Amino acid sequence: MSNLRIFAVNRKKISSLHYFNNMCSSKIRASLKRLKLHVLLGRNYSSLPGLIGNDIKSLHSIINPPIAKIRNIGIMAHIDAGKTTTTERILYYSGYTRSLGDVDDGDTVTDFMAQERERGITIQSAAVTFDWKGYRINLIDTPGHVDFTLEVERCLRVLDGAVAVFDASAGVEAQTLTVWRQADKHKVPRICFLNKMDKIGASFNYAVESIREKLKAKPLLLQLPIGEGKAFKGVVDVVSKEKLLWNPNSDDGKDFERKPLLEMSDPKLLKETTEARNALIEQVADLDDEFADLVLGEFSENFDLLPAEKLQTAIHRVTLAQTAVPVLCGSALKNKGVQPLLDAITMYLPSPEERNYEFLERISRLLLPFADQHIEIPLLTAGNIALTVGLKHTATGDTIVSSKSSALAASRRARREGEKKQKENNETERLLLAGVEIPEPVFFCTIEPPSVAKQPDLDHALKCLQREDPSLKVKLDPDSGQTVLCGMGELHIEIIHDRIKREYGLETYLGPLQVAYREAILNSVRATDTLDRTLGDKRHLVTVELEAKPMETASLLPVIEYAASVAGDLSQASREAFENGVHSACLQGPLLGSPVQDVAVTLHSLVIHPGTSTTMISACVSRCLQKALKKADKQILEPLMNLEVTVSRDYLSPVLADLAQRRGNIQEIQSRQDNKVVIGFVPLAETMGYSTVLRTLTSGSATFALELSNYQAMNPQDQSTLLSQRHGLS
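The name recorded for the protein in an unreviewed UniProt entry is GTP dependent ribosome recycling factor mitochondrial 2, from Ovis aries.

Quick notes on the sheet that holds strand β27 (residues 538-550)
Ordered in space as β26-β27-β29-β28, the four strands form an open sheet in which the pairing is mixed. The strands lining the two open edges of the sheet, one partner per strand, are β26 (525-535) and β28 (559-562). For this sheet, the mean inter-axis angle between neighbouring strands, taken without regard to orientation, is 30°. Here 11 bridges tie β26 to β27, and the two strands are oriented antiparallel to one another. Looking across to β27, one finds that L535 is bridged to K538. Helix α16 (residues 572-585) contacts β27, β28 and β29 (599-608) of the sheet and is inclined by roughly 140° relative to β28. Its contacts with the sheet put helix α17 (residues 614-631) on β26, β27 and β29, and the angle it makes with β26 is roughly 145°.

A closer look at the sheet that holds strand β12 (residues 234-237)
Judged by pairing direction, the sheet is antiparallel, and its four strands sit side by side in the order β11-β12-β13-β14 without closing on themselves. Taken across any chain shown, the strands that pair with only one partner, and hence form the sheet edges, are β11 (223-226) and β14 (256-260). Each adjacent strand pair in this sheet contributes to an overall mean axis angle of 25°, direction not counted. Sheet analysis places β11 next to β12, joined by four bridges and oriented antiparallel. Bridge pairing in β12 places I226 opposite G234.

So, the packing of aromatic side chains
A full pass over the atoms with the stated rule returns four aromatic pairs. Where W246 meets F256, the ring centres are 4.8 Å apart and the plane angle is 20°; that geometry is what we call stacked. In this pair, W246 sits in strand β13 (residues 242-246) while F256 sits in strand β14, placing the two residues 10 residues apart along the sequence. Relative accessible area serves as the criterion here: at 6%, W246 is assigned to the buried category. The cationic tip of K69 hangs over the ring face of Y135; the distance from NZ or CZ to the ring centre is 4.4 Å. If you follow R575 out to its NZ or CZ, it ends over the ring of Y562, 4.4 Å from the centre.

Cut-offs and rules
- Residues numbered from 1 in each chain as written.
- Predicted model: local features only at pLDDT ≥ 70, side-chain atom pairs only at ≥ 80, totals over all residues.
- Heavy atoms only, no water.
- Pairing = 2+ DSSP bridges.
- Helix = DSSP H or I, 4+ residues; strand = E, 2+ residues; numbered from the N terminus.
- Axes fitted to C-alpha atoms, helices over the stretch in contact; angles between N-to-C directions.
- Contact = heavy atoms within 4.5 Å.
- Phe/Tyr/Trp six-rings, centres within 6.5 Å; stacked < 30°, edge-to-face > 60°.
- Buried < 20%, exposed > 50% of the residue type's maximum accessible area, 1.4 Å probe, protein only.
- Lys NZ or Arg CZ within 6 Å of the ring centre and 35° of its normal.

What follows is the structure, given as structure tokens:
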């Protein structure tokens, strides 16, 4: 099956270098048929962008709209904040679909994987292209579950802007912090949408304050809600001083009216809006010098005279500078507030030409994405997102260039230019899109095919899935010969297992889920080893003396050092052989066979008989280091998770008691409307099956979020218990 990749391109050509960044679009599984649109059964789709009935606009305007009219955006949030429902409403109001999909009914456009529809969550990102009021919007709906954080990471790195969706009753939640940090890392401008304003307990002020306090962002209030909870019926546009009211008898939210606020009919709301607008003007003026000059020069006496267009332009600049974030509100499920959100996307988020990346590419076959549909196109210009077919050896994070020499030449030129303008901008960093930081797996289990004859099929399936999902790791157990899956969580491995069955037709068997522990040493030890082996008529003889010692700072990889007595005498080949041996030995520690971290290895002596191969040198070094690690005092490090549990007051006590039994460490208990939020740490090993237990304890009312914090040393009693379990003694 052809491999598909989403890629983003931007506006300028750097010499003869042609770029495009590829990002896996593993959700698009249908076979490709030239120039034909594939329609998902069960949904009623409207025309494609640029198509009105059976009439076709200019082909160029459909495929390549003006770059200033393009918006490449992502939807990001904590799980269950309403990202996919918001996306579904956006597609409906833009005319992309003719019926409203529902997450609970399993018929949304972007959640079309079987696993997503069964669970009601987004697992992999989906791209959709549509038009809104003359703008082309390329939208990517991203997951909110912590197990699929990498999906968000690899989307944000190629997007120009993002919409952060919040549950207005909860404000900033655990995964909100994670995706916000990712957007900060990739310098993505964003706007905030406070969703679920109709929900019991929804609070506009609480949600805004949580953005200010927890995200350390400056919210720009562009809207105020008219009512909250069940009383929510519309919003006030602070910029234009108008109210937007949705018809309560409308089934789909298309019927709403926009009216100016008047002293006669809405005195209280007008006063509140005027105060909010004045505060907004002052806030933007503090952040934008050009706007401040305008306000102080022409409108200092009366802010009411300031045209809405001038304020909107200034908000656009502030959003691009990422000094503040516009805030809007609504209820996607109740079909309120989504059209103004679309207007804000086109008005405040940047076009590709307003971003700093400078990329261009040329490829043979291109397709426009429509979630699980696609249409082949003859060409693509800067600023668009599209698919390409047939890249068999690329993976997520790659930047493709026309040739190695042109890439090196462009890099050298940019480096020289960057040195001249170091304070302004470093062009070297802009040559390649930022790579994806792939987190280390924390769970693993064995996986077996139904028969030995099916092992090649399983290997092929896992190879394909790894290319699509770099956070999935596959390795071979050297002792048992079994295939081992390593993933980000229980759900992650469960989804992989299910996909192998559905997409590759293999009934595989998973072993017990196990935690990815690590090991460390507590004291310095020296060891010496000699390897003397004759192969054929050739003798291989090497003697090694080395020292292993613990490091004070955390390091996943061993730090390799050379004593002064040997540093100058080693050839490059001998150094590489020594380092290979060290890395090999640290892959499996003496306690559990887990990787060894936080260790420094110093070579004191290396005597090599002439003709000894580098492979034998590495083998001797590895054996010597393993001997040293066995002699040292050792400890097991276990993954410690950040935990956030949202629970009603009635169930707080049993939740806290359960966490105490799980070796949990409670840091604080916050109040969030009528609920309590328990924040703390818990060992990953104690979280298996926690979702089921929490549902039982709280009658299904509580929610929780987990995120890896760090690796922490186990206490001697827990370590002894674990070793006994692993060795079958208990």
